[in-house]
Amino acid sequence: MDMLATEKERSLIDRFSRTYAHLTHSDKMLEIERAVCGCDYGCTSWTTREEADNACTMLTLDSRTRLLEVGTGSGWPGLYLAKRSGCNVSLIDLPMEGLLAAKKRAEVDGMSDRCRVVRADGAALPFQSASFDAIYHSDVLCCLVEKQAVLDACRRVVDRNGKMVFSVILIAPGLSDEDYKRAAAGGPTFIETSAQYPDMIEQAGWDITAHADLTADYANSFKNMYARERANIGEFEQVHGPEGAADLMARRAHTLDALERNLLRREIFSVVPVGGASI
Ligand SMILES: C[S@@+](CC[C@H](N)C(=O)[O-])C[C@H]1O[C@@H](n2cnc3c(N)ncnc32)[C@H](O)[C@@H]1O
């Protein structure tokens with residue numbers, strides 16, 4: 001069952017649905033994605049191929065690993081991680097259009113036998129306890145309200161010797177009210193949090209084993225993507241629809257402003273269950 005309580009949450013999922021329905025069919029947008037992020041899955045996060053390669057190492061993925069990607073969109077980077085490591089992967093998200101694109105990509109890449117695609121809410125994962133060895137999500141927590149519930153649900157379904165790696169975009173700490181508003185306007189829809197990530201992580205029963213700042217790479221990727229999208233605005237409008245494209249471009253302008261003022265951060269966390277055996 002979905003836990004999308006507000007119109008704002010439903011409208012974001014509708015926007016992602018439209019994006020996934022069109023992005024994977026746009027040669028131009030996939031060309032931009034290859035140039036900026038090094039992939040062509042129809043991605044909507046800022047996870048680059050290099051970052052996905054690092055996640056593969058951090059999660060020690062191999063053919064025995066049961067990997068879960070939460071908020072997979074159209075399969076990036078979960079399918080790539082599975083292709084690279086030989087692991088089994090379960091992909092979950094809410095927009096059907098993304099999941100169908102992921103399923104198709106798994107078929108094209110000959111990976112259907114070790115890829116499971118499930119429509120599910122990250123805050124209410126429909127899996128047994130301790131059924132995964134590794135969990136990954138890229139810029140997902142800043143796209144949903146129930147951040148604590150997702151961290152809790154991930155903790156429940158991971159094995160005690162398992163690991164989770166995730167990236168997230170957040171508002172820089174210690175800002176004036178005016179700068180805070182600028183950051184919120186430039187970040188993903190649900191960038192605002194009621195608690196700090198390290199506290200939410202601890203609250204869910206995870207220990208942080210590594211934590212790094214990816215803001216510089218994010219800013220570079222963002223500027224590169226934004227310039228290419230503006231140069232191909234006709235195709236951008238085809239993919240996102242005239243209204244969606246106008247909204248997204250307006251947000252992009254706020255993002256650029258916030259990044260230039262150092263108001264946004266993108267960070268990556270590597271975590272293990274408290275008392276687990278992993279390091
Ligand atoms: C920034 S996108 C990342 C998508 C993909 N992993 C990528 O890297 O391109 C965030 C994703 O989180 C998903 N999401 C939002 N709320 C969710 C929820 N409650 N449960 C599961 N996924 C959710 C969105 O549908 C979207 O696909």
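This structure is a prediction, so every number in the text was calculated from the model and none was measured.

## Considering the overall build of the protein
Within the protein one finds 11 helices and seven strands. Relative to the globule expectation of 19 Å for 279 residues, the C-alpha radius of gyration of the protein, 18 Å, shows essentially globular dimensions. The principal-axis extents of the C-alpha atoms in the protein amount to approximately 45 × 45 × 35 Å. When burial is assessed residue by residue, the protein has 44% of its 279 residues classed as buried.

## Quick look at the environment of Met 164
Within the fold, Met 164 resides in strand β5 (residues 158–171). Once the C-alpha coordinates of Met 164 and Asp 121 are considered, the two residues, 43 residues apart in sequence, prove to be 17 Å apart. Leaving out residues up to four positions away in the same chain, Met 164 has contacts with Ile 135, Cys 154, Val 158, Trp 206 and Val 271.

## Observations concerning the sheet that holds strand β2 (residues 88–93)
Taken in spatial order, the seven strands line up as β3-β2-β1-β4-β5-β7-β6 in an open sheet, and their pairing is mixed. Edge positions in the sheet fall to β3 (115–119) and β6 (206–213), since each of these pairs with one other strand and no more. Along the sheet, successive strands turn relative to each other by an average axial angle of 20°, direction set aside. Looking at chain direction, strand β1 (residues 66–70) and strand β4 (residues 132–138) are connected through three bridges and run parallel. Bridge pairing in β4 places Glu 69 opposite Tyr 136. In this fold helix α6 (residues 147–157) packs onto β1, β4, β5, β6 and β7 (264–273), with an angle of close to 160° to the strand it touches most, β5.

## What about unusual backbone geometry?
That bond from Trp 76 to Pro 77 is cis: its omega, -5°, falls within 30 degrees of zero. When you line up the elements, Pro 77 lands in the loop between β1 and α4 (78–85). One non-glycine residue with positive phi stands out, namely Asp 139, at about 55°. With 21 C-beta atoms packed within 10 Å, Asp 139 lands in the buried category.

## So, the site of the ligand
The ligand sits among 23 residues. The nearest are Cys 43, Ser 45, Gly 71, Gly 73 and Gly 122. Class assignment of the residues belonging to the shell around the ligand gives a composition of 11 nonpolar, nine polar and three charged.

## Comments concerning the nonpolar core
Within the largest apolar cluster, 72 residues are counted, with the highest numbers of intra-cluster contacts made by Leu 67, Leu 79, Leu 81, Ile 135, Tyr 136 and Cys 154. With eight residues, β5 is the largest single contributor of residues to this core. Residue contacts for Leu 67: discarding those within four places in its chain leaves Leu 61, Gly 78, Leu 81, Ala 82, Cys 87, Asn 88, Val 89, Phe 132, Ala 134 and Tyr 136.

## So, helix α2 (residues 27–37)
Of the residues making up α2, those classed as buried are Met 29, Ile 32, Glu 33, Val 36 and Cys 37. The buried side chains of α2 occupy one side of the element, clustering within an arc of 100° when seen end-on. Exposed positions of α2 whose direction lies more than 90 degrees from the buried face are Asp 27, Arg 34 and Ala 35. Among the structural elements, α1 (7–23), α3 (49–58), α9 (215–231) and α10 (233–240) are those in contact with the buried residues of α2.

## Points about the packing of α2 against α9
Running from N to C, α2 and α9 point in directions that differ by 155°, and their axes come no closer than 9 Å. Between α2 and α9, the angle falls in the class roughly antiparallel. Every pair of crossing elements has a handedness; the one defined by α2 and α9 is right-handed. Facing Ile 32, Ala 35, Val 36 and Cys 37 of α2, the residues of α9 in contact are Ser 221, Asn 224, Met 225, Arg 228 and Glu 229. Residue composition of the contact of α2 with α9, by class: five nonpolar, two polar and two charged.

## Details of the environment of Asp 177
Structurally, the position occupied by Asp 177 is in helix α7 (residues 177–186). We classify Asp 177 as exposed; it has 7 C-beta atoms within 10 Å. Along the backbone, Asp 177 and Leu 61 are 116 residues apart, and their C-alpha atoms lie at a distance of 43 Å.

## Description of the environment of Tyr 197
Mapped onto the elements, Tyr 197 comes out in helix α8 (residues 197–203). In sequence terms Tyr 197 and Gly 244 are 47 residues apart; their C-alpha atoms lie 30 Å from each other. Non-local contacts of Tyr 197, meaning those with residues more than four positions away in its chain, are made with Val 168, Leu 170 and Phe 269.

What counts, and at which threshold
Along every chain, residues carry numbers that run from 1 in the direction the sequence is written. Per-residue local features of the predicted model are confined to residues with pLDDT of at least 70, and side-chain atom pairs are confined, for both listing and counting, to 80 or more; whole-chain, interface and lining totals are unaffected and use all residues. By the criteria applied, helices consist of DSSP H or I runs no shorter than four residues and strands consist of E runs no shorter than two, each listed in order from the N terminus. Radius of gyration means the value over C-alpha atoms here, while the globule rule gives 2.2 Å times the residue count to the 0.38 power. Using C-beta atoms placed from the backbone, we call a residue buried if 20 or more other C-beta atoms fall within 10 Å of its own, exposed if 12 or fewer do, and partly exposed for counts in between. A pair of residues counts as a contact when their C-beta atoms, built from backbone coordinates, are separated by no more than 7 Å. DSSP-based pairing: two strands are paired if at least 2 bridges between them are found. Note on geometry: axes are C-alpha line fits, over the in-contact stretch for helices, and angles between N-to-C directions span 0 to 180 degrees. As a rule, any residue with its backbone-derived C-beta atom within 6 Å of a molecule or strand is reported as near that molecule or strand. Asp, Glu, Lys and Arg are counted as charged, while Ala, Val, Leu, Ile, Met, Phe, Trp, Tyr, Cys and Pro are counted as nonpolar; the rest, among them Gly, fall into the polar class. For this entry, the nonpolar core is defined as buried Ala, Val, Leu, Ile, Met, Phe, Trp, Tyr and Cys residues connected by C-beta atoms within 7 Å. Summarising the geometry, the arc corresponds to the directions from the helix axis toward the C-beta atoms. Roughly parallel here means an angle under 35 degrees, roughly antiparallel means over 145, roughly perpendicular means 65 to 115, and every remaining angle is called oblique. By convention, the crossing between two helices is left-handed when the near helix turns anticlockwise from the far helix through less than a right angle, and right-handed when the turn is clockwise.

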